[in-house]
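Here are the chains, one letter per residue:
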Amino acid sequence: MTELTVPAWLNEKFLETVFQEEEINQTSIAIIDYDIKSVMPPGSNYSSDMFRVRVVYSVGNSRQEQVTSVIIKVPVVEGVFKEIEEYFSREPIMYEKQLPAMSKKINHEFAPKSFHSPLKNVLVLKDLKDEGYVIADKFKQLDYPHCELVFKTVAKFHAASLACYHDDLRFIEGVSAENFYIEGGTSFRSFMEGFVNQFGKAFDVFGVADSFKRLFNDRVGRLWDSGVMACKPKETGSNVLVHGDLWCNNLMFKYDGSGNLLDVKFLDYQRTKFCSPVVDLLYFLWSSANSEVLDSRQKELYSIYLETLNSTLEHLGSEARLSEEELQDDLRALSDWALICLCFTTPLMLAEPDNALDLEAIELHSVENDENTRKVQQMYGGKHAKTLIPRLTRSYEKWVNGLYT
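What comes next is a walk through the structure. (Residues numbered from 1 in each chain as written. Predicted model: local features only at pLDDT ≥ 70, side-chain atom pairs only at ≥ 80, totals over all residues. Heavy atoms only, no water.)

**A word on the overall build of the protein**
Regarding its fold elements, the protein presents 14 helices and 10 strands. For 405 residues, the compact-globule estimate of 2.2 N^0.38 gives 22 Å, and the protein sits close to it at 22 Å. With the principal axes as the frame, the protein shows a C-alpha extent of 70 × 55 × 45 Å. By residue count, 56% of the 405 residues in the protein fall in the buried class. (Helix = DSSP H or I, 4+ residues; strand = E, 2+ residues; numbered from the N terminus. Rg over C-alpha atoms; globule rule 2.2 N^0.38 Å. Buried < 20%, exposed > 50% of the residue type's maximum accessible area, 1.4 Å probe, protein only.)

Dropping the structure here:
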């Protein structure tokens, strides 16, 4: 992975413009000092470069120094993302329109505060670390209490989005269309299918069971079409605005002094779409939940999700409801979506810094050339991938077999 370089525009003038917009009385801002550090190691965030900026400033004639920390999120527009640059226009819209409306509707903040940014598609966000929020260890996976909190919170997120949509059907404009799994195929299709093919070739590295190999081979030829179907609105039933990229590194948790969970905030709103809520639930579980949750506690989580979603909708005065029957139908219909997460998305997420793919250096159509094949296989050879992926394949096989019993 190439070393992260601070953009030339990320300077005193940029920061002054950001903080000046926050001053209600338009009192002048003076930047006294600032310090810039990279936020994430390689393999933690593929689509953006992120910088933590500690800023010391003063307001007007005051000699009192104020200190704050912000996160600057800069889109990566080379390699894989070069051909889908519109991918990055979605998140600023979410922070400007949908998230404030949803928070007002339900009196709950789902995301960090967003500041004015003078540059297109560059985000300036409040540093949640200052408020005690932390990102969990993606290699340890999340236990049941963390998963329960995420399910309750995403249920409120979905309910708020549905209530806002029923108030005004224009609510989802600009953030509802899928940007990867598009009907008819895009250049992303060759990237996804090439990656999935490499996953199948790594079975001996992982030591997966023959029964999973058969299950995978039966489904692999239809996975692209399954992804397209999952990411479209259902013709009947409940559709919601889903987060779309709900996994461990896009969550920040807050704890009390005794280590008890207090809150969770969601980050990264580039993959939102209007579709079945199950898209978020499966994506989260198969990227972030530990073995106990996947093997024995999914039903509890779905029950909690249903109760929270429907009670929140009732509280908001919405007549919409999601039945248990519809939820189970969606789980069966979207079982391939969980497999896509397992064999395509999750391996990228589990990559260690030393073997994470440099997506800026890979074109969408070139995953299976010799050099990129070597890099993908090297990623699969990481110690965490070799430990977690076999466990996930066993859990997935057990789960799929239980969907029809």
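**Comments concerning the pattern of salt bridges**
Scanning the model with the defined rule gives 20 salt bridges in all. One salt bridge connects lysine 73 with glutamate 91, and the closest N-O pair in it is separated by 2.8 Å. Placement of the pair is lysine 73 in strand E3 (residues 66-75) and glutamate 91 in helix H2 (residues 90-106), with a sequence separation of 18 residues. The class of glutamate 91 is buried, set by a relative accessible area of 2%. When the shortest N-O distance is used, the salt bridge between aspartate 330 and lysine 234 registers 2.7 Å. (Salt bridge = Lys/Arg side-chain N within 4 Å of Asp/Glu carboxyl O.)

**Quick word on empty space enclosed by the protein**
In the structure shown here, the tally under the stated rule is 3 cavities of 30 Å³ or more. The space that makes up the second largest cavity amounts to roughly 40 Å³. Forming the walls of the second largest cavity are Ser48, Lys73, Val74, Pro75, Phe88, Glu91, Pro92, Asn121, Leu123 and Gln270. Mapped onto the lining of the second largest cavity, the elements with two or more residues apiece are E3 and H2. (1 Å grid on protein atoms, 1.4 Å probe; cavity = no way out; pocket = protein on both sides within 12 Å on 5 of 7 lines; lining within 4 Å. Points joined across faces, edges and corners; volume = space filled by probe spheres on them.)

**As for the sheet that holds strand E9 (residues 261-266)**
Sheet architecture is open: 3 strands sit in the order E6-E8-E9, paired in antiparallel fashion. This sheet does not close on itself; its edge strands, each paired only once, are strand E6 (133-134) and E9. Bridge count for E6 against strand E8 (residues 251-255) is 2 bridges, and the pairing is antiparallel. The residue bridging tyrosine 133 from the neighbouring strand is lysine 254, located in E8. (Pairing = 2+ DSSP bridges.)

**Some points on the environment of serine 311**
Within the element layout of this structure, serine 311 appears in helix H10 (residues 298-315). We classify serine 311 as partly exposed; its relative accessible area is 31%. Considering only alpha carbons, one finds serine 311 and valine 228, 83 residues apart in sequence, at a separation of 31 Å.

**Considerations on the packing of helix H8 (residues 278-288) against helix H11 (residues 324-333)**
The angle between the axes and the distance between the axes are what describe a pair of packed helices. Relative to each other, H8 and H11 sit at 55°, their axes nearing to 10 Å. With respect to their mutual orientation, H8 and H11 come out oblique. The crossing of H8 and H11 is right-handed. Contact residues: Val278, Leu281 and Leu282 in H8; Leu327, Asp330 and Leu331 in H11. When grouped by side-chain class, the residues that make up the contact of H8 with H11 number 5 nonpolar, no polar and 1 charged. (Axes fitted to C-alpha atoms, helices over the stretch in contact; angles between N-to-C directions. Parallel < 35°, antiparallel > 145°, perpendicular 65-115°, else oblique. Left-handed = near helix turned anticlockwise from the far one by under 90°. Contact = heavy atoms within 4.5 Å. Nonpolar A, V, L, I, M, F, W, Y, C, P; charged D, E, K, R; others polar.)

**Some thoughts on the environment of glutamine 270**
Here glutamine 270 is to be found in the loop between E9 and strand E10 (273-275). For glutamine 270, a relative accessible area of 3% gives the class buried. Along the sequence, glutamine 270 and valine 74 sit 196 residues apart, while their C-alpha atoms lie 12 Å from each other. Among all residues touching glutamine 270, those that are not within four sequence positions of it are Ser47, Ser48, Lys73, Tyr87, Phe88, Arg90, Glu91 and Asn179.

**Notes on unusual backbone geometry**
Positive phi, close to 55°, is recorded for asparagine 107, a residue that is not glycine. Taking relative accessible area as the criterion, asparagine 107 reaches 72% and is therefore assigned exposed. Look at glutamine 141: it is not a glycine, yet its phi comes out positive at around 65°. Position of glutamine 141 relative to the elements: it lies in the loop between E6 and helix H3 (144-167).

**Thoughts on the packing of H8 against helix H12 (residues 335-349)**
One can describe the packing of H8 onto H12 by two numbers: an axis separation of 9 Å at closest approach and a directional angle of 50°. Here H12 runs oblique to H8, going by the angle between their axes. As H8 packs across H12, the resulting crossing turns out to be right-handed. For the pair formed by H8 and H12, the contact residues are Val279, Leu282, Tyr283, Trp286 and Ser287 on the first element and Trp337, Ala338, Cys341, Leu342, Thr345, Thr346 and Met349 on the second. In the contact of H8 with H12, the residues fall into 9 nonpolar, 3 polar and no charged.

By themselves, these are just geometric observations and shouldn't be taken as functional.
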